[in-house]
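An overview of the molecular structure
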Amino acid sequence: MTDNTVRIDITDLPAAVQQFVAALDLRDTTAAAAILTPQASVTDEGHTYTGIPSITDWIANAASEFTYTTTPVAAERTGTHQFTLTQHLEGDFPGGSADLNYRFTVEGALISSLVIAP
């Protein structure tokens, strides 16, 4: 954690973050698209997807590639617009389990950026 990063309860994450994570879990591209800024970006596994069509394609493809479950582990807030959700994933992907940090940037009630990394 940096000096301006504080741990928060997972239930205290912004509504947009909670809704986006729920949409990802359900592989619901329509719900996910509704809470993204038009030029939002998602970075996952070294690839960046910019704009809602690119991001919804990423969600659809990720959903068809592997089956997995997620368990929220911890949450942090950095400043007023950045939030990190750490999730534990288990599934049929290489390695079978992983802890990933979902680093969100929120603009108003929408998500402008998400970086997923260990």
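What comes next is a walk through the structure. (Residues numbered from 1 in each chain as written. Predicted model: local features only at pLDDT ≥ 70, side-chain atom pairs only at ≥ 80, totals over all residues. Heavy atoms only, no water.)

Attention now moves to the sheet that holds strand E7 (residues 110-117). The mixed open sheet is built from 7 strands, whose spatial order is E1-E4-E5-E6-E7-E2-E3. What marks the edges here is a single partner per strand, and that holds for strand E1 (5-8) and strand E3 (47-50). Between one strand and the next, the sheet's axes are offset by a mean angle of 20°, whatever the strand orientation. Judged from the 5 bridges that link them, strand E2 (residues 36-44) and E7 form a sheet pairing that is parallel. Looking across to E7, one finds that Thr-43 is bridged to Val-115. (Pairing = 2+ DSSP bridges. Helix = DSSP H or I, 4+ residues; strand = E, 2+ residues; numbered from the N terminus. Axes fitted to C-alpha atoms, helices over the stretch in contact; angles between N-to-C directions.)

This part covers unusual backbone geometry. Residue Arg-27 is not a glycine yet carries a positive backbone phi of 60°. Summarising the element assignment, Arg-27 is placed in the loop between helix H1 (15-26) and helix H2 (29-33). The backbone phi angle of Glu-45 is positive, close to 55°, even though this residue is not glycine. Take Glu-45: it is sitting in the loop between E2 and E3.

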